[in-house]
Amino acid sequence: MLYLFKIHNMKHIYLLIIFVFSITTIAQNNNPDFNLLNSTTNELAILNKTTNSNKSTNLIQIIDSILVWQDHDAPWGFLGHPVSRTINLTYDANGNLISAEGQSYNLTLLTYEKVVLWTYTYDLYNNQTSCLFKFWDNTLNVWVNHTQLSYSYDLNNNKLTHLEQNWIAGVWVNKDLFTITYNSNNHVSTHLSQKWIAGAWQNLDYYSITFNASNKPISNLYKSWNTSTSAWRDVSKSTFTYDINNDITYTLAESWYSNTWNIGANYTYTYDINHNQLSEIAQSWNATFGWVNSSNKVKTYDASNNIIFYLNQYWNTSNSSWRRVNTSSNNYDINNFKKNSMRLIL
């Protein structure tokens, strides 16, 4: 699998080439989200559960390795220099990723150097229960603990808690805790973020979601913790509108200030007959001019409902027209697995 990224700026053209070597296999569960190889965690992703499995079969993609190359000024082609690679990916019998090693390329020594080691564990239901990050100590020539993520689930395999800990002075020290609750239909209804401060968990952020009779979210309220009053304070909220097909067509975003809700932005969506989102137009509120265009995202799909083209545009106020920012093109194999992707930043 080959991923190509070409980046332009005023002086240079940047070409980033990512090779992903993989095989396809059959398994009962979904391959873990490969974004887990990144140390950055975005807990709100749980509100939008995704899968790497094939859309219509139980095929999953088993990644063997990833190679990243970058070229600064040359035209398209396999030129430039290596940047990093992910190797030694291992899986259990159910196709769950259990370990991987990340390395960076030393341009002076012209060799790859160890950077990070990821290891994962799972329960009997193939829910990921932990993720351990270790970094390579060049002085001691050993892997050293850095960050540990632990997860718990309910009987319906919904994630209940996400605990993040850092390795400090030979012991695991709490850092962040995320607690999630669900409604009777197993949809996320609340999400609480807390940070470990002075030996205790302190509230940070709180999200609450309400649903309509079709189990579609109709509002999302965000609150932050006021340490002065030890109480939650409103920050922002979003409300959602749907068509007769239960496709979301409109989102209104508001912010709380001066003791009232103030409109800030809206998003309008269109779909094809297969309910694939074709466009997302964002507008921001201006007290003088009213709603002003902000961005426009356009997607094109193949017959299997795979995204084959993506266009991102921003509104140019000087000539009142859309200006292209970046595009991406994707190709898929007969199993609907992505085999190459090219991104162009204008």
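All of these numbers come straight from a predicted model, not from anything done at the bench. (Residues numbered from 1 in each chain as written. Predicted model: local features only at pLDDT ≥ 70, side-chain atom pairs only at ≥ 80, totals over all residues. Heavy atoms only, no water.)

Now for the overall build of the protein. Scanning the protein from terminus to terminus reveals zero helices and 21 strands. The long-range share in the protein, meaning contacts at least 24 apart out of those at least 6 apart in sequence, stands at 32%. When the accessible surface of the protein is split by element, carbon and sulfur atoms take 53% of a total near 19500 Å². (Helix = DSSP H or I, 4+ residues; strand = E, 2+ residues; numbered from the N terminus. Contact = heavy atoms within 4.5 Å. Areas by Shrake-Rupley, 256 points an atom, 1.4 Å probe, with all protein chains shown as cover.)

On to the pattern of salt bridges. Considering all chains together, one arrives at four salt bridges under this definition. Of the charged contacts, one joins Lys-195 and Asp-176 as a salt bridge, the two residues approaching to 2.8 Å between their closest N and O atoms. Separated by 19 residues along the polypeptide, Lys-195 in strand S11 (residues 188–197) and Asp-176 in strand S10 (residues 171–182) bring together distant segments of the chain. Look at Lys-195 and you get partly exposed, because its relative accessible area is 29%. Across the pair Lys-223 and Asp-234 runs a salt bridge, and its minimum N-O distance is 2.5 Å. (Salt bridge = Lys/Arg side-chain N within 4 Å of Asp/Glu carboxyl O. Buried < 20%, exposed > 50% of the residue type's maximum accessible area, 1.4 Å probe, protein only.)

Another aspect to go through is the confidence of the model for the protein. Looking at the protein as a whole, the pLDDT averages 83, with 80% of positions reaching at least 70. Note on residues 21–53: pLDDT is under 50 here. Beyond four places in sequence and across chains, it has 87 contacts. Here residues 73–78 scores under 50 on pLDDT; set against residues more than four positions off or in separate chains, the count is 15 contacts. (pLDDT = per-residue confidence, 0-100.)

It is worth spelling out the packing of aromatic side chains at this point. Evaluated as defined, the whole model comprises ten aromatic pairs. Aromatic side chains Tyr-207 and Tyr-222 sit 4.8 Å apart centroid to centroid with 25° between the ring planes, which places their arrangement in the stacked category. One end of the pair, Tyr-207, is in strand S12 (residues 200–211); the other, Tyr-222, is in strand S13 (residues 217–226), and 15 residues separate them in sequence. Assessed through its relative accessible area of 16%, Tyr-207 is described here as buried. Here Tyr-222 falls in the buried class, since its relative accessible area comes to 18%. Three or more aromatic residues link up through ring pairs in this structure, and these residues are Tyr-206, Trp-225 and Trp-232. Taking the ring centre of Tyr-112 as reference, the NZ or CZ of Arg-85 above it sits at 4.0 Å. For the cation-ring pair, Lys-114 lies above Trp-136, with the distance from its terminal atom to the ring centre recorded as 4.3 Å. (Phe/Tyr/Trp six-rings, centres within 6.5 Å; stacked < 30°, edge-to-face > 60°. Lys NZ or Arg CZ within 6 Å of the ring centre and 35° of its normal.)

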